[in-house]
Amino acid sequence: MTPGVAEPGIVPAGDPGPAEVTADRGRHADLVRFLGRRVGIGAILVVGTTLVAFLLTQLVPGDPAAANLGQRAISDPAAVQAFRQQNGLDKPLPVQYAIYLGHLLRGNLGTSQQSHRPVSTDLSEYVPATVELALFAIVISLLLGVVFGVLAAVTRDRWPDQVLRVVSLAGVSMPTFWIALVAFYVVFFKLGWVPGGGRLEPGQAPPGHITGLYTVDAALHGQWDLLGSVLQHLVLPGLVLAVYTIGMLLRFTRASVLEVLGNDYVRAARAKGLPEWLVIRRHVLRPALVGIITVAGVAFGSLLSGTVLVENIYSWPGIGQYAFRSATNLDLPAIMGVSLVVAIVYIALNIAVDVLYGVIDPRIRLS
Amino acid sequence: MTAVLADRAARRAERSAARSPWRQPLAVIGLAVVLAWLVVAIFAPLLAPQDPIAQQNPLFVHPGAQHWFGTDELGRDVLSRVLYGARISMPLAALLVTASMIIGGVLGGIAGLLGGKVDAIVMRLADLVFAFPGIILAMAVTAALGPQLRNAVIAVVVVSWPAYARLVRGLVLSARTSHYVLSSRLLGASSLRTLFVDIRPNVAGPVLVMAALDMGNAILLLSGLSFLGLGAQPPTAEWGAMVAAGAVNFDKWWISLFPGLAILTVVLAFNFVGDTLRDALDPRTARAIRT
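Quantities reported herein were computed from a predicted structural model and do not represent experimental measurements. (Residues numbered from 1 in each chain as written. Chains lettered and ligands numbered in written order. Predicted model: local features only at pLDDT ≥ 70, side-chain atom pairs only at ≥ 80, totals over all residues.)

### Here's the deal with the overall build of chain B
Right, on to step 1. When helices and strands are counted, chain B shows 11 helices and 0 strands.
Right, on to step 2. The proportion of buried residues among the 291 residues of chain B is 46%.
Right, on to step 3. By sequence separation, contacts in chain B at least 24 residues apart represent 68% of the contacts at least 6 residues apart. (Helix = DSSP H or I, 4+ residues; strand = E, 2+ residues; numbered from the N terminus. Buried ≥ 20, exposed ≤ 12 C-beta atoms within 10 Å, placed from the backbone. Contact = placed C-beta atoms within 7 Å.)

### Looking at the overall build of chain A
Right, on to step 1. Across its full length, chain A holds 15 helices and 0 strands.
Right, on to step 2. In chain A, which comprises 367 residues, the proportion classed as buried is 37%.

### Re the packing of helix α11 (residues 264-271) of chain A against helix α12 (residues 276-313) of chain A
All names here are of chain A.
Right, on to step 1. Closest axis-to-axis distance for the α11/α12 pair is 10 Å, and the angle between their directions is 155 degrees. On the basis of their axis angle, the class for α11 and α12 is roughly antiparallel. Crossing geometry of α11 relative to α12 is assigned as right-handed. Residues Tyr265, Val266, Ala269 and Arg270 of α11 form the contact with α12, whose participating residues are Val279, His283 and Val284.
Right, on to step 2. By residue class, the composition of the contact of α11 with α12 is 5 nonpolar, 1 polar and 1 charged. (Axes fitted to C-alpha atoms, helices over the stretch in contact; angles between N-to-C directions. Parallel < 35°, antiparallel > 145°, perpendicular 65-115°, else oblique. Left-handed = near helix turned anticlockwise from the far one by under 90°. Nonpolar A, V, L, I, M, F, W, Y, C, P; charged D, E, K, R; others polar.)

### Some points on helix α5 (residues 134-145) of chain B
Right, on to step 1. Taking 1.5 Å per residue, 12 residues should reach 16 Å; α5(B) reaches 16 Å between its end C-alpha atoms and fits that length.
Right, on to step 2. Gly146(B) sits one or two positions beyond α5(B) and adopts a positive phi of about 110 degrees. (Expected span 1.5 Å × (residues − 1).)

### Concerning the interface of chain A and chain B
Right, on to step 1. Counting residues at the interface gives 43 residues for chain A and 44 residues for chain B.
Right, on to step 2. For the side of chain A that touches chain B, the elements supplying multiple residues, two or more each, are α1 (18-59), α7 (159-173), α8 (176-190), α10 (224-261), α12, α13 (319-328) and α14 (332-360) of chain A.
Right, on to step 3. Class assignment of the residues belonging to the side of chain A that touches chain B gives a composition of 33 nonpolar, 9 polar and 1 charged.

### Here's the deal with the confidence of the model for chain A
Residues and elements named next belong to chain A.
Right, on to step 1. Put simply, chain A has an average pLDDT of 82, and 86% of its residues get 70 or more.
Right, on to step 2. Here helix α15 (residues 362-366) stands out as the least confident element of chain A, with mean pLDDT 60; helix α6 (residues 119-154) is the most confident, with 93.
Right, on to step 3. A low-confidence stretch, residues 1-16 stays under pLDDT 50, and its non-local contacts, those more than four residues away or across chains, total 14 contacts. (pLDDT = per-residue confidence, 0-100.)

### Here we look at unusual backbone geometry
Right, on to step 1. Look at the link from Pro234(B) to Pro235(B): it is a cis peptide, with omega at 5 degrees.
Right, on to step 2. On the secondary structure map, Pro235(B) appears in the loop between α8 (191-227) and α9 (239-248).
Right, on to step 3. You will see that His116(A), though not glycine, has its phi angle at about 55 degrees, which is positive.
Right, on to step 4. Relative to the helices and strands, His116(A) is located in the loop between α5 (93-105) and α6.
Right, on to step 5. Positive phi, normally seen in glycine, also occurs at Ser315(A), with a value near 45 degrees.
Right, on to step 6. In this structure, Ser315(A) sits in the loop between α12 and α13.

### A closer look at the environment of Val78(B)
All names here are of chain B.
Right, on to step 1. Position of Val78 among the secondary structure elements: in helix α3 (residues 78-114).
Right, on to step 2. Residues Val78 and Ala131, spaced 53 residues apart in sequence, show a C-alpha to C-alpha distance of 39 Å.
Right, on to step 3. Setting aside residues no more than four positions away along its own chain, Val78 makes contact with His67, Phe69, Gly70, Thr71, Asp72, Trp254, Ile255 and Phe258.

### Quick word on the packing of α3(B) against helix α10 (residues 254-281) of chain B
All names here are of chain B.
Right, on to step 1. Direction vectors running N to C along α3 and α10 enclose 35 degrees, while the axes themselves pass 10 Å from each other. Seen along the crossing, α3 lies across α10 with a hand that is right-handed. Across from Val78, Val82, Gly85 and Ser89 in α3, the residues of α10 making contact are Trp254, Ile255, Phe258, Pro259, Ala262 and Val266.
Right, on to step 2. The residue inventory of the contact of α3 with α10, partitioned by class, reads 8 nonpolar, 2 polar and no charged.

### Quick look at the environment of Leu285(A)
Residue and element names in this part refer to chain A.
Right, on to step 1. Checked against the element boundaries, Leu285 lands in helix α12.
Right, on to step 2. Once the C-alpha coordinates of Leu285 and Val295 are considered, the two residues, 10 residues apart in sequence, prove to be 15 Å apart.
Right, on to step 3. Once you skip the residues sitting within four places of it in the chain, Leu285 turns out to touch Val150 and Ile280.

### Looking at the environment of Leu173(B)
Residue and element names in this part refer to chain B.
Right, on to step 1. Here Leu173 lies in helix α6 (residues 149-176).
Right, on to step 2. For Leu173, a count of 15 C-beta atoms within 10 Å corresponds to the partly exposed category.
Right, on to step 3. For Leu173 and Gly115, which are 58 residues apart along the polypeptide, the C-alpha to C-alpha distance reads 8.8 Å.

### A word on the nonpolar core
Right, on to step 1. One finds Met139(B) and Val156(B) to be the most contacted residues of the largest nonpolar core, which totals 179 residues.
Right, on to step 2. Residue contributions to this core peak at 20 residues, all from α10(A).
Right, on to step 3. Not counting chain neighbours up to four residues away, the residues in contact with Val156(B) comprise Leu96(B), Ala138(B), Ala218(B), Leu221(B) and Leu222(B). (Core = buried A, V, L, I, M, F, W, Y, C linked by C-beta atoms within 7 Å.)

### Observations regarding the confidence of the model for chain B
Residue and element names in this part refer to chain B.
Right, on to step 1. On average, residues of chain B score 84 in pLDDT, and 89% of them are at 70 or above.
Right, on to step 2. Contacts for the low-pLDDT stretch residues 285-291, under 50 throughout, to residues beyond four places or in other chains number 8 contacts.
Right, on to step 3. Among the scores for the predicted complex, ipTM is 0.84 and pTM is 0.83.

### Points about α6(A)
Right, on to step 1. Between its first and last C-alpha atoms α6(A) spans 50 Å; for 36 residues at 1.5 Å apiece the expected length is 52 Å, and the two agree.
Right, on to step 2. Along its length, α6(A) reaches its greatest deviation from straightness, about 30 degrees, at Tyr126(A), and the proline Pro128(A) lies no more than four positions downstream. (Bend = angle between axes of the 7 residues up to and from the residue.)

Spelled out as structure tokens, the structure:
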């Protein structure tokens, strides 16, 4: 008997037996321990990323005083000395790192050299735009990737599979920046089907701030016209961004579904006369989902990379564009801020994926 | 019974012949395209109608008989630039995949073989790099080192080696307890000798498949950095940088269309080859195909 599952007839409903309570408690403790371990490793990784970010700033050949103070102040030795002292630049590296960490803990990511605002203010403005774009793309990718991946596996080696194989490989081989340009040229410039870029029409006021995601905020405020406009702006960059991840998820779904299809229990389900779609949904897709979710986590990461390229072309005011502007202007506090935020999102995502595993596959939960 | 077995054996032989990677149409097409681009890269000066950086034509000429791929914003022949672009992307991609493979392979191999603290340090380092999405870390590294092609290559190596380290470490860990490695250790072989003489041949297959698959990614990442202006600098004829030039004049579609197609065909070709190889070697997919 599986631990925690009451055998009908022995234990009356609503009155868990002692065995079940112990098993439940044990499982709960396991889950907490598992979660704690994962979060602990995640926290260590976050500290590690701050070290990488700090060391990268040290690699820069330029003098931070020169970059921050401007031409006039740099010729004044007293100003330079004051700046160095204020920022702890006259102290040894480990001390500088400790100062940097102290600032980080207080939410101080430094001041952007291009916007002259705190990096954290900049980020809080740009992050929701990117999150909205990436979420839209990952939902589209999961839907299309899983549906077509199952189709490819079911029609293995026949023409739909062959066509989908080429399509998915083309998807992962397409330079994102290029397909973004081609789509922009064809869909906006030639056909005029979608607006030219940005999150809204010029002059259009954004919905009242609740989540920062314009689609959600517009819906919550009941501004349906605005929601339509937001979606129109979202659809092209979102689809372009999804091209790579659709290909990736399609290939992977096909492989994991094929692996599951070979199992005896699938044959048994078919033999007892279940309709094929039910066999796929209930007996094939669920075990295959464990792997698909991992890849979806990786895919989300590659989406965040893709946003750098896509946001630039579609003037999407997100962290991708911000990262790009910072990198080309050598605005190090900004680019380190972006790297940190993205790394933390990435690490959190990996933990979420691990936890989801446990929800989908009880065997993993305990080990 | 024997008839059944014989029948099975015959079918298996037939299937393995059909599954040989080099008989798959996709792999053959991929290999042909890769070879074609290699020929282009080697003989670019002979094949290209003009000097790729000579500004000797009218600006923005449409593709036609005179200039098959048109001319760009400085009056350079786009066809010549695309052909010369192969001389940058192909060797650099090979170089950085080889470098990542060697660095990641050696570190992963040592980590797997020695275990303990060394293993922990190397793998945590790999985890750290994995914690950043590729292009963001690559951008940060290139920005810190200064935007030029050489630094872009270094940045791509920095973000690519951990994948090899993980793969090799896993393979070494499973090989470490095998009888042939134990016998070699008992005969007094040193750790390094065991690693390079006994374990390396058994690790090489999967690593090479990964490298084949990685070639495409390397070209994408490198051209992406150049597109952002962090890699190749003007007037170098690099595909990503050329697409970027077209992005400024996006109504002149030919300037970015052709270099983009060049990237697509090379990457797709490498992926065709890599994907077929993986199917042929990966026991999980192979098992799925058999059932």
